[in-house]
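Residue strings, one per chain:
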Amino acid sequence: MNVKPPLQTGSFIDEAAIGHVLDSVRPDPVAIREVLAKARQARGLEARDMALLMTLSDPELLEELFASARQVKEEIYGRRLVLFAPLYVSNLCGNECAYCAFRAGNKTLQRKALSQEEVRAEVEALVDQGHKRLLIVAGETSGQHGLRYIMDCIATAYGVKTDRGEIRRINVNLAPLEVEEFRQLKTSGIGTFQLFQETYHRDTYRRVHLAGPKSDYDWRVTAMHRAMAGGLDDVGIGVLFGLHDWRFELLAMLAHIRSLEKHCGVGPHTISVPRMEPAHGSNVSIGPPAPVSDLDFKKIVAILRLTVPYTGMIMSTRESAEMRNQTLALGISQISAGSRTNPGAYKSGGESEIFDAAQFQLGDHRELDEVIREVAEMGYLPSFCTACYRLGRTGQDFMDLARPGEIKDHCNPNAVATFLEYLQDYGSPETRQAGEAAIAREIAGMEGVARQRSEAMAARVRRGEPDVIC
Ligand code: SAM
Ligand code: SF4
């Protein structure tokens, strides 16, 4: 990968230029239909195209936007949906993010950093549910609970092997690091490094990040450039929707993506779309300053899917089951399930006893088995695939395969094999029934290499072979 030295400032987010693009467009149906026709070719969109789509409110055109997003999603991702669980290891934090329960000034929160024994117990509980992919999350601290501690947690989690399985990919959502620290983190074998800018709007950023290292906008917005310079080529970006106008945020996100492509040779692997939730003890008790309606949220997902067709899009448990069901078809490729946001909650079996340690309120409280069943009944194919990262298909290598569509000949068979493995090892009778039907339907719709591989791999899984991937 040809990565230039990391940037020092976020000057690639040009607020005046973004404002100009937003002001220059009008809801013109002819121009909008031209953009949608271009978007359906799955080659991505530029800032002005996005801004035009943002002006949409006419129900007929909205339906055309959603239909275009569904088409592109279906073409590239098929009916696959990757599942993961967040693992909150520590809620200690030195920052003052007004919206977050973990903020340093929240004296009502029970502080906790899991011991390695406790991490092991949490991971065993997640493995027992059938999870294969984890997202390790922590507040920002240095010293005893800094990077070394996180790396120990990753090693502990990868080291857990029960008679029911193991975790095969760990992603992390952590505070920004120096290039050298990113290099160290890479040695722990993580998949994606996730970090959300929260808001790209400087003034809003300053107002909601009141103290601590996170109050430095430039340090945060250049973090992914440093991550790539440190050798991590799968990075995940995101915005916390509700802090500032979502239209501005989407265009700024595109500027971030283009800057990563220019300086590091590849854009982000994933985009997350969290909406701000009420958080116990946060400083924003009156609710999000720039709330995003359900309809606008669906527009966000659809516009992003059309703008960067090959970038994964992640939705978390922040959204209700109903909202997740409505947006999956529009472009989401990964969801979390059975999540808890308080350290230690998986082992203790719930949120109630240590709710005061949770980060924010969850919108979806269902267990993994139930989420899987519903997703399969809706016509999706749940996937626990971890093949790309384990076989070295990351960064530009992944994009090279993804763009011509070749990745499907890997993803579809891997989804079939990992889902079948889940059903055999963990599925309740009802979920097994729904899952087997989804697998049969999926294989029946496949052709060529994908079908041959899927059938052969499924047969190996049925014979009891673990971890069948291609
Ligand atoms: N401490 C690190 C940081 O801030 O980047 C990483 C972990 S932090 C717990 C992960 C993410 O949680 C943040 O980036 C933020 O977007 C999200 N978050 C914080 N408060 C939230 C809230 N009230 N509702 C939804 N998401 C929230
Ligand atoms: Fe700390 Fe992250 Fe919460 Fe901010 S969002 S208070 S940095 S855990």
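Nothing here was measured: the structure is a model prediction, and the numbers come from that model.

**Topic: the packing of aromatic side chains**
No. 1: Evaluation of the coordinates by the stated rule reveals five aromatic pairs.
No. 2: Between Phe384 and Tyr422, the aromatic rings sit 5.1 Å apart at their centres with planes inclined by 20 degrees, giving stacked as the arrangement. Placement of the pair is Phe384 in the loop between β11 (381-383) and α16 (387-390) and Tyr422 in helix α18 (residues 408-426), with a sequence separation of 38 residues. One exposure class covers both Phe384 and Tyr422, and it is buried.
No. 3: If you follow Arg79 out to its NZ or CZ, it ends over the ring of Tyr380, 4.5 Å from the centre.
No. 4: For the cation-ring pair, Arg226 lies above Trp219, with the distance from its terminal atom to the ring centre recorded as 3.4 Å.

**Notes on the pattern of salt bridges**
No. 1: All told, the structure shown has 30 salt bridges when counted by the stated rule.
No. 2: Two residues, Arg258 and Glu261, come together in a salt bridge whose shortest N-O distance is 3.1 Å. On the criterion of helical spacing, the pair formed by Arg258 and Glu261 is a turn pair, its members being three residues apart in helix α11 (residues 246-264).
No. 3: The residue Glu367 makes a salt bridge to Arg340 at a minimum N-O spacing of 3.3 Å. Of this pair, Glu367 sits in the loop between α14 (345-348) and α15 (368-377) while Arg340 sits in the loop between β10 (334-336) and α14, and the two are 27 residues apart along the sequence.

**What to know about the site of ligand 2**
No. 1: Around ligand 2, the surrounding shell consists of Cys93, Asn95, Cys97, Cys100, Phe102, Arg103, Gly139 and Lys214.
No. 2: Taken together, the residues of the shell around ligand 2 break down into four nonpolar, two polar and two charged.

**Concerning the pairing of strand β1 (residues 80-90)**
No. 1: Most of β1 sits out of view: 11 of its 11 residues are buried.
No. 2: Relative to β11, β1 is paired through three bridges, and the arrangement is parallel. For Val82, the partnering residue across the bridge sits in β11 and is Ser383.
No. 3: In the sheet, β1 pairs with β10 via three bridges, with the strands oriented parallel.

**Comments concerning empty space enclosed by the protein**
No. 1: Going through the model one piece at a time under the given rule, you end up with three cavities of 30 Å³ or more.
No. 2: Of the voids in this model, the second largest cavity is the one considered here, and its volume is about 440 Å³.
No. 3: Of all elements in the fold, only α4 (59-77), β1, α16, α17 (395-402) and α18 reach the threshold of two or more residues within the lining of the second largest cavity.
No. 4: For the lining of the second largest cavity, a count of residues per class yields 14 nonpolar, eight polar and five charged.

**Observations concerning the domain arrangement of the protein chain**
No. 1: In terms of domains, the protein chain is made up of domain 1 (74-366) and domain 2 (387-462).
No. 2: Between the C-alpha centres of domain 1 and domain 2 the distance comes to 26 Å.
No. 3: Counting from both sides, the interface comprises 25 residues of domain 1 and, opposite them, 18 residues of domain 2.
No. 4: Taken together, the two surfaces of domain 1 and domain 2 that pack against each other cover about 1800 Å², and 49% of this comes from carbon and sulfur.
No. 5: For the domain 1 face of the interface with domain 2, the top three residues by lost area are Arg80, Arg168 and Tyr310, together amounting to 37%.
No. 6: For the interface between domain 1 and domain 2, the tally reads one salt bridge.
No. 7: Linking Arg168 and Glu421 is a salt bridge whose minimum nitrogen-to-oxygen distance equals 3.0 Å.
No. 8: At the level of secondary structure, the elements contributing two or more residues to the side of domain 1 that touches domain 2 comprise α4 and α5 (116-129).
No. 9: Per-element tally for the side of domain 1 that touches domain 2: the top contributor is α5, with three residues.

Parameters at a glance
- Residues numbered from 1 in each chain as written.
- Chains lettered and ligands numbered in written order.
- Predicted model: local features only at pLDDT ≥ 70, side-chain atom pairs only at ≥ 80, totals over all residues.
- Heavy atoms only, no water.
- Phe/Tyr/Trp six-rings, centres within 6.5 Å; stacked < 30°, edge-to-face > 60°.
- Helix = DSSP H or I, 4+ residues; strand = E, 2+ residues; numbered from the N terminus.
- Buried < 20%, exposed > 50% of the residue type's maximum accessible area, 1.4 Å probe, protein only.
- Lys NZ or Arg CZ within 6 Å of the ring centre and 35° of its normal.
- Salt bridge = Lys/Arg side-chain N within 4 Å of Asp/Glu carboxyl O.
- Near = heavy atom within 4 Å.
- Nonpolar A, V, L, I, M, F, W, Y, C, P; charged D, E, K, R; others polar.
- Pairing = 2+ DSSP bridges.
- 1 Å grid on protein atoms, 1.4 Å probe; cavity = no way out; pocket = protein on both sides within 12 Å on 5 of 7 lines; lining within 4 Å.
- Points joined across faces, edges and corners; volume = space filled by probe spheres on them.
- Domains from an automatic or database assignment.
- Contact = heavy atoms within 4.5 Å.
- Buried area = accessible area lost by both parts, 1.4 Å probe.

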